[in-house]
Structure formats: structure tokens, C-alpha cells
Amino acid sequence: MASHLDCLGKSMAELPPRYPRDFHGHGACRPNAAWPGGARIAVSFVLNHEEGGENCLLHGDAASEAFLSEIVGAAPWPGQRHWNMESIYDYGARAGFWRLHRLFTETAVPVTVYGVATALARSPAQVEAMQGAGWEIASHGLKWIDYKDHTPEDEAADMDAAIALHTEVTGKRPRGWYTGRCSVNTVRLAAERGMDWISDTYDDDLPYWARIGDRDQLILPYTLDCNDMRFATPQGFNAGDQFFAYLRDTFDALYAEGAAGRPAMMSVGLHCRLIGRPGRVQALRRFIEYVQGHEGVWCARRQDIAAHWAEAHPPVPARGWIHLDRAAFVEAFGGIFEHSPWIAEGAWGLELGPAHDTPQGLHNALCRVFRAASEGKRLEVLRAHPDLAGKLAAATRLTAESTEEQASAGLDALTDEERAAFERLNGAYTEKHGFPFIIAVKDHDKAGILRAFERRLSNETDVEMAEACRQVERIARLRLEAMG
């Protein structure tokens with residue numbers, strides 16, 4: 001799914017390739033979800049209602065269904081009804097659903113239903129039971145089919161038909177969306193239809209906002225691991241105990257993270273025809289009892305999680321650094337490496353993505369250009385740096401960045417004795433190494449800087465050049481962080 005699609009400079013066509021996948025996400029310090037009541041974890045139980053919406057000749061499809069049934073490894077039957085497959089799906093609506101309905105209502109656990117519109121239309125009693133229990137019914141598309149080969153226009157038409165049919169059957173327009181067997185266009189198309197939340201991603205343990213077109217879209221990631229679908233896949237769950245153990249371990253890990261101040265969300269994916277079998281449902285019952293045996297757990301519908309996230313964590317505009325045109329990018333970052341705009345020009349031409357739209361990410365891109373340069377070019381960067389407390393500072397001719405940095409360490413308020421010491425060291429260092437002494441002054445006070453000066457003066461020039469380059473990179477990082 002593409003993210004950060006807005007462009008703050010010229011059109012995307014005038015930019016080098018920008019990588020759409022986001023490997024940064026919330027980053028190393030994910031936000032505190034601040035779940036209601038100070039809960040340590042939010043648990044979302046999702047019941048996929050697909051029975052009656054799967055591939056079937058009766059539904060106008062070219063072949064029978066072959067996915068997620070007791071017939072592991074089944075193949076589609078082109079032009080034929082698959083009686084056994086239909087019967088297995090029928091079980092989910094006729095028996096599995098009601099077993100799960102009893103379990104969830106007896107334990108007072110809220111549920112989100114991913115409802116295939118055509119399946120809902122063929123199961124009016126089940127829809128009435130869902131609504132009577134206060135379950136959320138989100139859209140699972142028009143039919144339970146694969147959209148990877150659909151054109152955007154055909155997929156959009158099915159979405160519109162799904163929303164219309166869903167509204168007819170339930171009396172309410174769906175507010176959430178999950179296609180499942182989706183295409184690269186699915187999330188964009190669902191966002192264009194104004195969904196409160198979309199779950200066609202598996203990329204995080206927390207909700208997040210994605211900029212899609214001109215819309216801030218809330219994404220509630222889903223799960224394929226804490227999912228009973230693995231009863232119907234190779235190398236999946238063979239028994240209920242395995243399913244329970246996996247859910248329990250996932251819950252324990254996230255619960256412990258929540259206790260440590262990093263609350264997250266756990267999704268549990270269920271299917272009427274799979275977990276609804278008597279030999280499996282007890283594993284789900286044990287897990288519900290396990291969850292309810294812990295304090296600080298918020299079992300919630302996805303619409304409730306979405307509403308909380310929208311209120312507690314509204315969207316924050318992306319920096320948009322990676323979408324600046326060349327001139328704006330160089331203007332903004334050409335001074336990050338002192339008087340060396342060519343580094344910013346080189347970084348602008350790299351394959352940048354959302355992970356680079358952060359101080360640490362853009363720093364990495366700039367450093368790549370600096371490190372790949374010849375020794376002569378890197379030496380030019382070193383020589384572009386001013387002496388510490390030197391003549392340029394005295395003449396107030398430093399860049400704004402250097403002025404602020406030197407002032408932060410008190411180098412703008414030296415005693416005569418300190419100034420004389422800096423002048424002596426500056427001269428000796430430059431004469432020996434051929435470039436000025438460079439240090440990230442924000443990491444030190446005056447005394448620490450002088451000690452480093454004395455120590456590094458004795459280094460061999462090749463050692464000192466490597467150290468000076470590291471300090472240049474450190475200064476660049478601090479300057480980027482100051483920009484936000």
C-alpha cells in the first residue's frame with residue numbers, strides 16, 4: 001500500500017523514483033495507545049462471514065471455491081459445482097455461526113464481523129443475530145473472491161455494489177473495510193469511498209494514519225497468524241491446543257509490552273466454518289477465558305478502536321521532505337553538511353521512501369552521498385567548517401547553524417585565556433592535519449571540547465580525518481533533528 005502520496009513540491013513526475021512502502025511506521029518508540037481505562041492491550045475478535053459469498057457457479061463464477069476449507073490443497077473446478085466444498089461452507093452458516101454466537105454472547109465479548117455482502121444477503125437470520133448482539137458489521141466486499149487480476153474499474157464497481165447491498169441488508173452503510181484477497185488498488189479504492197477504517201494490511205501492532213490522495217486514512221492492521229485460517233493451510237494448526245497456545249503466547253507478549261508502557265492491539269481472525277467446528281471451538285473458549293482472567297484488557301470492536309485512535313491520536317502531517325523538488329530540497333538541506341549543497345543534491349536523486357522522511361532516515365541518505373565521495377571531496381567538506389571560536393566567529397561571519405552550535409557550548413563567551421587556548425590549538429591542529437578541528441559541540445561543554453582538542457591533536461592525520469568525518473556526520477544529524 002502506498003503512503004505519503006501527497007507532494008509538497010512539484011508533481012511526482014518531476015521527482016526521482018520514490019519508494020512507496022513504509023518500513024519506518026511508528027519507529028523505535030511507538031506511541032502510547034492510551035487505551036480506555038489505561039488498558040494494557042486491546043483485543044479485537046473478528047468473525048469473517050463468507051459463507052454464501054465464495055466462488056460458486058450458482059454465484060455466477062467460473063469455477064468452484066478452493067480456499068480455506070477442510071479440503072486442504074483443493075483446486076477450483078472450472079464449470080462445475082463442487083458439492084463437498086459447498087457443503088463445508090454451508091456448515092459455517094448453519095452450525096458454526098450459531099455456536100460462535102452463543103460463545104460470544106455468553107461471555108459478553110464484542111465482535112466485529114467482516115461480512116461479505118452477498119453472504120449477508122443469503123443469511124438474514126444470522127444478520128439479525130449479529131445486530132441483536134451489538135456486533136459491528138464491516139464490509140468484506142461483494143464476494144469472497146480474489147481481486148488481484150481485476151482492473152481498478154471492475155474492483156471499484158464491486159465495492160460500490162457491496163456498499164449498496166450491505167446497506168440494504170443491514171440498514172446501515174459499512175464504516176470499515178476488509179477485502180482480504182485484495183489487489184494493489186484495494187486500499188486506495190476503499191479510502192476513496194470514505195471508510196472510517198481499513199484493515200487490508202498486516203504491517204503493525206497499532207493503528208496508523210496513511211496519506212492516500214488528499215485523505216488521511218486510518219488503518220487498523222489485521223492478522224494472518226492469530227487466525228484460524230491456519231487450520232486450513234499447510235504448516236498450520238493441526239489441533240485446537242496449538243491455536244490456543246499461539247493466541248496465548250501472542251497475548252502474553254503484547255500484555256507484557258503494555259505493562260512496560262507500550263500498549264498494542266491484538267487481532268484474532270475467525271471463520272464460522274473453521275473455528276465453529278466442535279473440535280476447535282473449545283480452544284477459542286479457553287482463550288476468551290484466559291483473556292478475561294487478566295486485568296487491563298480492552299476487548300473492543302474495530303469501530304471502537306478506530307474512534308479511540310482518531311480522538312487520541314489524530315493524524316499528524318507528514319514532513320514531506322522526500323517529495324520536495326530539487327531546488328526546494330537543496331535549499332532546505334544544502335547546509336546540513338557545511339557549505340556542501342552537492343551532498344543534498346546527491347541525496348535527492350536516491351531512491352527515497354517514507355522511511356527517509358525522518359531526521360534519521362534523511363541523515364542516512366545524506367551520509368551515503370558523503371561516504372561515497374572521493375577523499376578529496378570529503379576533505380572539501382571538512383575544510384568548509386569554521387575554526388572553533390576562530391576569526392569567523394569573531395567577525396560574526398558564521399552560518400546561522402554554526403553560530404547557534406558554538407553558542408550552545410558557550411564558545412561565544414570565552415575568557416581571554418580560553419580564547420588564546422583555542423587560537424593556539426586551532427593553529428597547531430590545522431597546520432598538522434590540513435583541515436580545522438571539528439567536533440559536535442552540542443555533545444560537550446567548553447572544558448570537554450578543550451580536552452578533546454588536546455587529545456586529538458596528537459592523532460595521525462588519517463586517524464583524525466576519519467574522526468573528523470564522523471563528527472561531521474554527527475553535526476548533520478543534530479541539525480536535522482533540530483529541524484524536526
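Everything below is about the structure shown above.
Residues numbered from 1 in each chain as written. Predicted model: local features only at pLDDT ≥ 70, side-chain atom pairs only at ≥ 80, totals over all residues. Heavy atoms only, no water.

Our focus in this paragraph is the overall build of the protein. Looking only at helices and strands, the protein has 17 helices and nine strands in total. Taken over the C-alpha trace, the protein has a radius of gyration of 30 Å; the compact-globule value for 484 residues is 23 Å, which it surpasses by more than 25%. Oriented by its inertia axes, the alpha-carbon framework of the protein measures out at about 90 × 50 × 40 Å. Put simply, the protein has 484 residues, and 51% of those count as buried. Taking contacts inside the protein between residues at least 6 apart in sequence as the whole, the part at least 24 apart equals 71%. Across the protein, the mean location of the 51 positive side-chain charges is 2 Å away from that of the 67 negative side-chain charges. (Helix = DSSP H or I, 4+ residues; strand = E, 2+ residues; numbered from the N terminus. Rg over C-alpha atoms; globule rule 2.2 N^0.38 Å. Buried < 20%, exposed > 50% of the residue type's maximum accessible area, 1.4 Å probe, protein only. Contact = heavy atoms within 4.5 Å. Lys, Arg positive; Asp, Glu negative; His and termini not counted. Charge placed at Lys NZ, Arg CZ, Asp CG, Glu CD.)

A few words on the packing of helix 11 (residues 359–372) against helix 17 (residues 461–483). Between helix 11 and helix 17, the shortest axis-to-axis distance is 9 Å and the interhelical angle comes to 150°. By the angle between their directions, the pair helix 11 and helix 17 is classed as roughly antiparallel. As for how helix 11 packs across helix 17, the hand of that crossing is right-handed. When helix 11 is examined against helix 17, the residues Pro359, Gln360, Leu362, His363, Leu366, Cys367, Phe370 and Arg371 are found in contact with a partner set consisting of Cys469, Val472, Glu473, Ala476, Arg477, Leu480 and Glu481. Residues that form the contact of helix 11 with helix 17 fall into these classes: nine nonpolar, two polar and four charged. (Axes fitted to C-alpha atoms, helices over the stretch in contact; angles between N-to-C directions. Parallel < 35°, antiparallel > 145°, perpendicular 65-115°, else oblique. Left-handed = near helix turned anticlockwise from the far one by under 90°. Nonpolar A, V, L, I, M, F, W, Y, C, P; charged D, E, K, R; others polar.)

A word on the packing of aromatic side chains. Under the counting rule described, the total for this entry stands at 28 aromatic pairs. One aromatic cluster is present, built from ring pairs that chain together Phe45, Phe97, Trp98, Phe104, Trp135, Phe244, Phe251, Tyr255, Phe287 and Tyr290. Over the face of the ring belonging to Trp348 we find Arg18, whose NZ or CZ atom lies 5.9 Å from the ring centre. (Phe/Tyr/Trp six-rings, centres within 6.5 Å; stacked < 30°, edge-to-face > 60°. Lys NZ or Arg CZ within 6 Å of the ring centre and 35° of its normal.)

Ranked by internal contacts, the top residues of the largest apolar core, which has 57 residues, are Trp35, Phe45, Phe104, Met266, Leu270, Leu284 and Phe287. Apart from residues no more than four positions distant in its own chain, Met266 is found in contact with Ile41, Ala42, Val43, Ser44, Cys226, Leu247, Thr250, Phe251, Leu254 and Phe287. The next biggest cluster of nonpolar side chains, apart from the first, holds 46 residues, and it includes Trp348, Leu388, Phe422 and Ile438. (Core = buried A, V, L, I, M, F, W, Y, C linked by side-chain atoms within 4.5 Å.)

Let us look at the pairing of strand 7 (residues 215–219). Across five bridges, strand 6 (residues 208–212) lies against strand 7 in antiparallel orientation. Bridging across to strand 7, Ile212 finds its partner in Arg215. In this structure, the hairpin formed by strand 6 and strand 7 is closed by a connection of two residues, where Gly213 is found at a positive phi of approximately 65°. (Pairing = 2+ DSSP bridges.)

Moving on to the pattern of salt bridges. This model, assessed by the stated rule, comprises 20 salt bridges. Measuring nitrogen to oxygen at the nearest pair gives 2.5 Å for the salt bridge that ties Glu464 to Arg456. Pair check on accessibility: Glu464 and Arg456 agree, each one buried. Put simply, Arg470 and Glu467 hold a salt bridge, and the shortest N to O gap is 2.9 Å. Placement of both Arg470 and Glu467 in helix 17 is noted, with a separation of three residues, approximately one turn of the helix. (Salt bridge = Lys/Arg side-chain N within 4 Å of Asp/Glu carboxyl O.)

Right, let's get into unusual backbone geometry. Despite not being glycine, Ala108 has its phi angle at roughly 55°, a positive value. Judged by relative accessible area, which is 64%, Ala108 ranks as exposed. Even without being glycine, His339 reaches a positive phi, approximately 50°. Counting through the fold element by element, His339 comes out in the loop between helix 9 (326–333) and helix 10 (341–348).

Inspection of the secondary structure puts His433 in helix 15 (residues 416–433). Owing to a relative accessible area of 7%, His433 belongs among the buried residues under this scheme. One polar contact links His433 to Thr461, side chain to side chain, over a distance of 3.0 Å. Not counting the four nearest positions on each side in its chain, His433 is found in contact with Arg456, Leu457, Asn459, Glu460, Thr461 and Glu464. (Polar contact = N/O pair within 3.5 Å; in protein donor to acceptor, adjacent residues only side chain to side chain.)

With respect to the helices, strands and loops of the structure, Thr250 is situated in helix 6 (residues 240–259). A residue is classified by how much of its surface remains accessible, and Thr250, at 19% relative accessible area, is buried. For the pair Thr250 and Ser267, spaced 17 residues apart in the sequence, the C-alpha separation amounts to 10.0 Å. Leaving out residues up to four positions away in the same chain, Thr250 has contacts with Cys226 and Met266.

So, on to the pairing of strand 8 (residues 264–271). Along strand 8, eight of the eight residues are buried, which leaves the element largely enclosed by surrounding structure. The alternating pattern of strand 8 places Ala264, Met266, Val268 and Leu270 and Met265, Ser267, Gly269 and His271 on opposite faces, both of which are buried. With eight bridges joining them, strand 1 (residues 41–49) and strand 8 adopt parallel strand pairing. Among the inter-strand pairings, Ala42 is bridged to a residue of strand 8, identified as Met265.

Counted under the stated rule, the structure contains zero disulfides. Distance from the sulfur of Cys226, which forms no disulfide, to the nearest cysteine sulfur (Cys299) is 14 Å. In this structure Cys226 comes out as buried when scored by relative accessible area, which is 2%. Cys367 takes part in no disulfide bond, and the closest cysteine sulfur, belonging to Cys469, lies 10 Å away. Looking at Cys367, the relative accessible area reads 1%, which means it is buried. (Disulfide = S-S within 2.5 Å.)

With 20 residues, helix 6 extends 28 Å from end C-alpha to end C-alpha; this agrees with the ideal 28 Å at 1.5 Å per step. Along helix 6, the residues that are buried comprise Gly240, Phe243, Phe244, Leu247, Thr250, Phe251, Leu254, Tyr255 and Gly258. When helix 6 is viewed along its axis, its buried side chains cluster within an angular range of 135° and face the same direction. Contacts from the buried residues of helix 6 go to strand 1, strand 8, helix 7 (278–292) and strand 9 (297–299). Looking one or two residues past helix 6, Gly261 carries a phi angle of roughly 100°, positive in sign. (Expected span 1.5 Å × (residues − 1). Arc of directions from axis to C-beta.)

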